2 protein chains.
Amino acid sequence: MAGIAKSSEGWHWTPSGGLVAGIPSKGVIQPSQNIKQSDAVFDVIVIGAGYTGLTATRDLTTSGVKTLLLEGRDRIGGRTWSSNIDGYPYEMGGTWVHWFQPHVYRELSRYGMINELVHSTDFTKKHNYFSFATRSGRRTMSHEEEDEMFSRAMQKFVNVDGNFGKTVMPFPFDAYWNKNVLKYANLSVADRIAQIRHDLSEDERHAIESFVLLCSGGTAQNSAFLDFLRWWAAGNYDYRTLLDTIIVFKLKCGQSEFARRFFNEALATSNLAYSFNTVISRVDSTNNTVRVTTRDGRAFQAKRVICTAPLNVLSKIAFNPPLLAEKTEASKLKHVNQCVKVHAEIKDPEMRSWSGVTYPDNKLVIGLADGKTPAGYTHCVFFGCDANHIHAEENIDETLKAVKKFAPMDVNRLVFHNWSKDEFAEGAWVWYRPGMEVKYLEALRRRQGAVLFANSDWAAGGWRSFIDGAIQSGTEAALTVRGELQGESRASHL
Amino acid sequence: MAGIAKSSEGWHWTPSGGLVAGIPSKGVIQPSQNIKQSDAVFDVIVIGAGYTGLTATRDLTTSGVKTLLLEGRDRIGGRTWSSNIDGYPYEMGGTWVHWFQPHVYRELSRYGMINELVHSTDFTKKHNYFSFATRSGRRTMSHEEEDEMFSRAMQKFVNVDGNFGKTVMPFPFDAYWNKNVLKYANLSVADRIAQIRHDLSEDERHAIESFVLLCSGGTAQNSAFLDFLRWWAAGNYDYRTLLDTIIVFKLKCGQSEFARRFFNEALATSNLAYSFNTVISRVDSTNNTVRVTTRDGRAFQAKRVICTAPLNVLSKIAFNPPLLAEKTEASKLKHVNQCVKVHAEIKDPEMRSWSGVTYPDNKLVIGLADGKTPAGYTHCVFFGCDANHIHAEENIDETLKAVKKFAPMDVNRLVFHNWSKDEFAEGAWVWYRPGMEVKYLEALRRRQGAVLFANSDWAAGGWRSFIDGAIQSGTEAALTVRGELQGESRASHL
């Protein structure tokens with residue numbers, strides 16, 4: 001689209017054009033840097049321009065703090081960005097928001113964007129049903145039946161306490177208030193299913209596995225049960241409320257437009273220097289000064305660094321003094337989310353009311369109608385996970401086959417980002433292995449001298465792993481740093 | 001309590017001490033002003049130190065904007081403040097919060113206070129039941145039966161569309177997206193009950209009336225149905241979710257401690273001048289300068305004014321140019337909330353699990369256990385409304401009688417604030433008369449030149465009338481003003 005720059009990231013396939021690397025996005029920043037010769041020492045360097053880094057940068061620059069934002073990609077948004085094709089945004093990563101997600105909603109409200117919220121779902125079209133294809137066969141259900149089955153199954157899954165998790169996790173934002181929750185710290189999703197297997201129908205088991213794998217992007221064996229319990233608690237211990245909160249409302253203008261508001265507000269203060277396509281190789285701290293070195297040999301200095309590199313790539317940066325051993329260990333162990341997210345434009349407007357599961361024998365597990373494209377066709381989004389994983393761009397025929405396994409579909413377009421092969425993420429939103437949260441979370445949050453570590457992957461909120469958690473984490477880091485710099489500035493004027 | 005100053009506001013009664021005016025609160029600011037001789041012209045004057053004014057002041061001062069905060073009371077918090085007796089906070093006004101209320105929760109998270117959230121409810125004690133006393137008689141129910149009855153009744157009340165309000169108000173934060181909602185704009189609560197009367201049992205009707213009057217603080221005749229529909233939508237169209245969100249979680253430290261965080265953060269910037277016990281009489285605008293005159297004859301000037309006076313008292317300030325006619329009209333018409341809120345310390349720890357309704361023949365309508373006092377007794381809170389209204393301090397015997405009508409109670413203490421006689425509020429949280437929202441909301445929000453009007457009473461969020469709405473409104477006003485001043489400053493440097 002005219003006026004929207006092309007990112008080097010993402011993939012776009014059409015029957016006529018074939019597979020093309022790179023997609024236009026409002027998140028691409030041009031010019032890619034604005035650093036002046038004189039910019040040698042900053043108050044703060046923020047590493048990473050995802051929502052965590054953008055929020056920290058916005059909060060610092062609007063408080064008068066000279067900030068340098070460094071980003072390896074050509075765009076803002078990190079694991080959340082919108083490709084823009086014919087003016088229509090396909091969300092390559094983070095998508096849905098809700099007024100029950102406090103940090104992200106506060107920002108939407110602050111930027112006057114609440115009227116941008118639209119429903120992903122539209123149950124007014126002809127194919128208004130749910131396809132359920134498992135080893136027990138292939139059926140269609142009404143969406144009410146779908147909800148009823150998933151709600152019943154998920155209640156069994158979380159009901160470790162006879163109170164649907166309420167007594168073991170009474171506050172979603174602090175898993176550790178209630179020591180009872182520690183009993184479940186090492187439980188995998190597969191372990192929990194084994195515990196209740198005698199009480200589950202085959203349908204219910206398939207419902208649990210497909211929904212939880214949609215959430216975790218891992219396998220039933222490597223995904224922690226505790227992470228699901230937190231999502232469940234954050235969704236007020238109710239399947240429908242959880243669903244409404246995490247997979248129903250998206251932004252009409254696309255997430256990249258939202259992300260730009262943070263960037264533009266920071267830029268307007270004149271306190272922001274930035275450089276994209278700038279990969280960090282080293283972070284060296286000495287006596288209250290931190291030196292950040294880029295892969296292409298540039299170096300910048302600041303009083304503080306806020307590093308927002310995600311868990312799965314954190315240990316690729318060389319820190320001196322070195323990262324805490326627990327940080328390195330957790331980063332090398334990695335979280336499990338290798339979510340595959342594929343958008344398909346389907347040449348049938350009536351599919352707008354559809355959703356479906358094909359599990360466990362398909363490369364994509366869950367699909368749902370997500371919008372209406374400019375051509376009047378249906379935009380469906382499909383999710384796969386690390387169980388039965390696919391690299392969509394490596395075999396488009398396989399990907400198309402996986403899409404068509406849900407229902408007969410005339411596919412006009414595919415759009416996706418391969419998060420597993422993304423060098424700055426190596427995965428999607430965080431989902432821990434059993435035991436990892438209890439073992440590593442505190443260490444991941446711990447600062448090391450003048451270097452702070454902020455990311456949704458270890459955010460304190462109930463919506464850790466969501467955009468909400470990223471904003472929370474960035475807010476917290478900026479507030480800490482601003483307070484310290486103000487204090488130092490005051491002390492130096494005495 | 002040592003170290004906590006006494007506010008001139010609020011009332012405290014004990015059997016031995018009788019009725020005493022004024023209660024200690026962490027919200028009292030001492031010294032009551034910090035204005036210097038040299039402080040003549042400010043960037044911004046904020047009128048009112050409730051959450052709206054505090055948020056605006058905090059956001060402005062932390063962005064380097066010289067701000068003067070003027071407040072008629074001796075304390076911060078406006079319609080939300082905690083009296084502090086023996087170290088225990090009784091919430092005189094706004095109390096409950098939830099992670100589903102985005103603006104207030106974002107602030108709690110930002111100030112590292114999420115661990116301050118505690119449950120008002122505790123269903124582990126002996127008197128674990130709900131008393132229901134109506135003209136049909138007096139009964140007790142389990143809390144499960146209570147929930148079931150209220151949920152069933154409220155579903156009938158809101159079900160104008162066969163979808164529990166979802167289709168007429170698909171977004172709680174914008175009542176006007178869906179024109180269908182306008183059909184209900186002039187409906188009173190009584191009108192709506194009349195529509196469904198044939199489908200309601202006497203119990204259900206009493207349940208609806210008592211719950212909605214708890215929410216509105218008015219009468220069934222003067223309370224708008226639309227306001228309830230918005231609360232319902234904000235609570236995700238579900239009674240239990242709504243209840244969890246608005247009446248379950250409070251702050252262990254008290255709201256005034258929370259409010260202080262905003263004030264203290266602003267003060268730490270050195271950009272804050274303030275004066276309490278400072279009642280505004282006039283606001284005169286001329287050529288981009290606004291002059292604010294106090295009742296005691298002082299005058300201050302600023303480039304912008306953010307006036308946060310609530311609806312019911314807004315027209316008591318003389319504006320020149322005058323207030324928009326719609327603003328004056330709405331302010332003189334007033335919203336209906338004349339909520340009576342009375343705290344009682346009950347000499348029975350086992351009452352901690354109790355709740356009850358006495359309706360319509362009591363001066364207090366709803367009561368519920370709200371905490372455990374330092375003495376180990378039960379803290380219960382009671383709510384009345386404009387139907388069968390009482391000025392609690394004028395007849396303590398009547399008030400005690402109203403409390404004891406719920407259940408036999410040995411009352412050790414009463415604590416309350418008479419919001420109806422409060423000259424700076426003349427009522428509690430906003431609840432409009434039928435038709436008022438559609439007729440006046442847009443005008444109430446409209447700025448007049450350099451004077452902006454911000455208050456939860458006309459906040460854009462789904463939680464208008466809540467602390468959440470106050471913070472939203474203050475955030476918005478500060479952002480607007482900061483942007484304008486930055487722009488002017490940049491222009492003047494060209």
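A quick note: this is a predicted structure, and the numbers were derived from the prediction, not measured.

Basis of the calculations
Residues numbered from 1 in each chain as written. Chains lettered and ligands numbered in written order. Predicted model: local features only at pLDDT ≥ 70, side-chain atom pairs only at ≥ 80, totals over all residues. Heavy atoms only, no water. Helix = DSSP H or I, 4+ residues; strand = E, 2+ residues; numbered from the N terminus. Rg over C-alpha atoms; globule rule 2.2 N^0.38 Å. Buried < 20%, exposed > 50% of the residue type's maximum accessible area, 1.4 Å probe, protein only. Contact = heavy atoms within 4.5 Å. Areas by Shrake-Rupley, 256 points an atom, 1.4 Å probe, with all protein chains shown as cover. Lys, Arg positive; Asp, Glu negative; His and termini not counted. Charge placed at Lys NZ, Arg CZ, Asp CG, Glu CD. Pairing = 2+ DSSP bridges. Axes fitted to C-alpha atoms, helices over the stretch in contact; angles between N-to-C directions. Salt bridge = Lys/Arg side-chain N within 4 Å of Asp/Glu carboxyl O. Buried area = accessible area lost by both parts, 1.4 Å probe. Polar contact = N/O pair within 3.5 Å; in protein donor to acceptor, adjacent residues only side chain to side chain. Expected span 1.5 Å × (residues − 1). Domains from an automatic or database assignment. Core = buried A, V, L, I, M, F, W, Y, C linked by side-chain atoms within 4.5 Å. Least-squares fit on C-alpha atoms with pLDDT ≥ 70 in both. UniProt positions renumbered as here; feature names shortened; annotations may be inferred.

### A few points about the overall build of chain A
Reasoning step 1: Counting its regular elements, chain A contains 13 helices and 21 strands.
Reasoning step 2: Whereas a compact globule of 494 residues would reach a radius of gyration of roughly 23 Å, chain A reaches 22 Å, a difference of no more than 12%.
Reasoning step 3: Along the three orthogonal principal directions, the C-alpha set of chain A runs to about 75 × 55 × 40 Å.
Reasoning step 4: Residues counted as buried form 65% of the 494 residues belonging to chain A.
Reasoning step 5: If you take every contact in chain A between residues at least 6 apart in sequence, the share linking residues at least 24 apart comes to 73%.
Reasoning step 6: Per element, the accessible surface of chain A, about 17,000 Å² overall, is 50% carbon and sulfur.
Reasoning step 7: Looking at charge distribution, chain A has the averaged site of its 57 positive side-chain charges lying 3 Å from that of its 54 negative ones.

### Brief notes about the sheet that holds strand β18 (residues 366–372) of chain B
All names here are of chain B.
Reasoning step 1: Pairing is mixed in the open sheet, where 9 strands are placed in the order β2-β1-β20-β16-β19-β18-β17-β8-β9. Two strands in the sheet have a free side with no partner beyond their single neighbour: β2 (18–24) and β9 (137–141). Strand after strand, the sheet turns through a mean of 25 degrees between neighbouring axes, direction not considered.
Reasoning step 2: Across the face of the sheet, helix α5 (residues 202–216) comes into contact with β8 (130–134), β9, β17 (355–358), β18 and β19 (378–384) while running at roughly 105 degrees to β8.

### A look at the pairing of strand β16 (residues 340–346) of chain B
Residues and elements named next belong to chain B.
Reasoning step 1: Burial analysis of β16 places 7 of its 7 residues in the buried class, the great majority of the element.
Reasoning step 2: By the bridge criterion, 7 bridges tie β16 to β19 in an arrangement that is antiparallel. Of the residues in β19, the one forming a bridge with Val342 is Phe382.
Reasoning step 3: Judged from the 5 bridges that link them, β16 and strand β20 (residues 411–416) form a sheet pairing that is antiparallel. Note that in β20 the partner of Glu345 across the bridge is Arg413.

### Some words on the pattern of salt bridges
Opposite charge on two side chains permits pairing when their charged atoms draw close.
Reasoning step 1: A complete count under the given rule lists 83 salt bridges over all chains for this structure.
Reasoning step 2: Measuring nitrogen to oxygen at the nearest pair gives 2.7 Å for the salt bridge that ties A:Glu9 to A:Arg75. Highlighted residues: A:Glu9 in strand β1 (residues 6–14) and A:Arg75 in the loop between β4 (67–70) and β5 (82–85), separated in sequence by 66 residues.
Reasoning step 3: Judged by relative accessible area, which is 0%, A:Arg75 ranks as buried.
Reasoning step 4: For B:Arg106, the salt bridge is made with B:Glu107, and the minimal N-O distance between the two is 2.9 Å. Like B:Arg106, the residue B:Glu107 is buried in the burial classification.
Reasoning step 5: Linked by salt bridges that have partners in common, A:Arg58, A:Asp59, A:Arg106, A:Glu107, A:Arg110, A:Glu265 and B:Arg482 make up one network.

### Description of the sheet that holds strand β20 (residues 411–416) of chain A
All names here are of chain A.
Reasoning step 1: A sheet is described by the order of its strands in space; here 9 strands give the open sequence β2-β1-β20-β16-β19-β18-β17-β8-β9, paired in mixed fashion. The strands lining the two open edges of the sheet, one partner per strand, are β2 (18–24) and β9 (137–141). Between one strand and the next, the sheet's axes are offset by a mean angle of 25 degrees, whatever the strand orientation.
Reasoning step 2: Along the sheet face, helix α3 (residues 143–158) touches β8 (130–134), β9 and β17 (355–358) and points at about 50 degrees away from the line of β8.

### Thoughts on the interface of chain B and chain A
Reasoning step 1: Opposite the 42 residues of chain B that make contact, chain A presents 42 residues.
Reasoning step 2: Buried surface at the junction of chain B and chain A, both sides included, amounts to about 3,600 Å², of which 54% is carbon and sulfur.
Reasoning step 3: The largest contributions to the chain B side of the interface with chain A come from B:Trp99, B:Phe100 and B:Arg106, which together make up 19% of the buried area.
Reasoning step 4: The salt bridge involving B:Glu265 is made with A:Arg482; its shortest N-O contact spans 2.7 Å.
Reasoning step 5: Counting across the chain B and chain A interface gives 6 residue pairs in polar contact (both at pLDDT 80 or more).
Reasoning step 6: Counting only elements with at least two residues in the side of chain B that touches chain A, the list comes to α2 (102–110), β7 (117–119), α6 (225–234), α7 (239–247), α8 (255–268) and α13 (467–492) of chain B.

### Section: helix α8 (residues 255–268) of chain A
Residue and element names in this part refer to chain A.
Reasoning step 1: Spanning 14 residues, α8 covers 20 Å between terminal C-alpha atoms, matching the ideal 20 Å at 1.5 Å per step.
Reasoning step 2: Within α8, burial applies to Gln255, Ser256, Phe258, Ala259, Phe262, Phe263, Glu265 and Ala266.
Reasoning step 3: Remark: Ser270 follows α8 within two positions and exhibits a positive phi of approximately 70 degrees.

### What about unusual backbone geometry?
Keep in mind that most residues, glycine aside, have a negative phi and that most peptide bonds are trans.
Reasoning step 1: In this chain, A:Asn320 is followed by A:Pro321 through a cis amide linkage whose omega measures 0 degrees.
Reasoning step 2: Among the secondary structure elements, A:Pro321 is positioned in the loop between β15 (318–320) and α10 (325–333).
Reasoning step 3: Across the junction of B:Tyr359 and B:Pro360, the peptide omega takes the value 0 degrees, indicating a cis bond.
Reasoning step 4: Within the element layout of this structure, B:Pro360 appears in the loop between β17 and β18.
Reasoning step 5: One non-glycine residue, A:Phe164, lies in the positive phi region at around 55 degrees.
Reasoning step 6: Here A:Phe164 lies in the loop between α3 and α4 (189–196).
Reasoning step 7: Since its relative accessible area comes to 31%, A:Phe164 is described here as partly exposed.
Reasoning step 8: With a phi close to 65 degrees, A:Asn388 is a non-glycine residue in the positive phi region.
Reasoning step 9: As for its placement among the helices and strands, A:Asn388 is situated in the loop between β19 (378–384) and α11 (396–404).
Reasoning step 10: Given the relative accessible area of 32%, A:Asn388 is considered partly exposed.

### Brief notes about the domain arrangement of chain A
Residue and element names in this part refer to chain A.
Reasoning step 1: Taken as a whole, chain A is organised into domain 1 (6–82 + 255–333 + 429–492) and domain 2 (122–247 + 338–422).
Reasoning step 2: Once you take the C-alpha centre of each, domain 1 and domain 2 turn out to be 30 Å apart.
Reasoning step 3: Summing the contributions of domain 1 and of domain 2, the shared interface buries around 2,900 Å²; its carbon and sulfur component is 63%.
Reasoning step 4: It is Trp11, Trp13 and Trp431 in domain 1 that bury the most area against domain 2; as a group they hold 27% of the surface buried on that side.
Reasoning step 5: Linking domain 1 with domain 2 are 2 salt bridges, by the criterion used here.

### Examining the nonpolar core
Side chains that are nonpolar tend, in soluble globular proteins, to be buried together.
Reasoning step 1: One finds A:Phe157, A:Phe228, B:Phe157 and B:Phe228 to be the most contacted residues of the largest nonpolar core, which totals 204 residues.
Reasoning step 2: Leave out the neighbours within four places in its chain, and B:Phe157 touches B:Val189, B:Arg192, B:Ile193, B:Ile196, B:Ile208, B:Val212, B:Phe225 and B:Phe228.

### Here's the deal with helix α7 (residues 239–247) of chain A
Side chains that are three or four residues apart share a direction in an α-helix, a result of its 3.6 residues per turn.
Reasoning step 1: Burial of α7(A) is extensive: 8 of the 9 residues sit out of reach of the surface.
Reasoning step 2: Taken as a whole, α7(A) has its buried residues at A:Tyr239, A:Thr241, A:Leu242, A:Leu243, A:Asp244, A:Thr245, A:Ile246 and A:Ile247.
Reasoning step 3: If you follow the buried residues of α7(A), they end up packed against α3, α5 (202–216), α6 (225–234), β10 (249–251) and β18 (366–372) of chain A together with α7 of chain B.
Reasoning step 4: Measuring from the side-chain oxygen of the N-cap residue of α7(A) to the backbone nitrogen of A:Arg240 gives 3.3 Å; that N-cap residue is A:Asp238.

### Notes on the relation of the copies chain B and chain A
Reasoning step 1: Expressed as a screw transformation, the operator carrying chain B onto chain A has a rotation angle of 180 degrees and an axial translation of 0.0 Å, and the superposed copies differ by an RMSD of 0.0 Å. Such a turn and shift between the copies fits a two-fold axis. Relative to the rotation axis, the C-alpha of B:Pro102 is the closest in chain B, positioned 1.8 Å from it.
Reasoning step 2: Comparing interface residues between copies, 100% of those in chain B also sit at the interface in chain A, which points to an isologous, same-surface contact.

### Let's talk about the UniProt feature "binding site: FAD" (unreviewed entry) in chain A
Residue and element names in this part refer to chain A.
Reasoning step 1: The feature "binding site: FAD" (unreviewed entry), as given by UniProt, occupies Thr52 in the numbering adopted here.
Reasoning step 2: One can find Thr52 in helix α1 (residues 51–61).
Reasoning step 3: Thr52 gets classed as buried once you look at its relative accessible area, which sits at 4%.
Reasoning step 4: The contacts of Thr52, once residues within four sequence positions are left out, are Thr308, Ala454, Asn455, Ser456, Ala470, Ser473 and Gly474.

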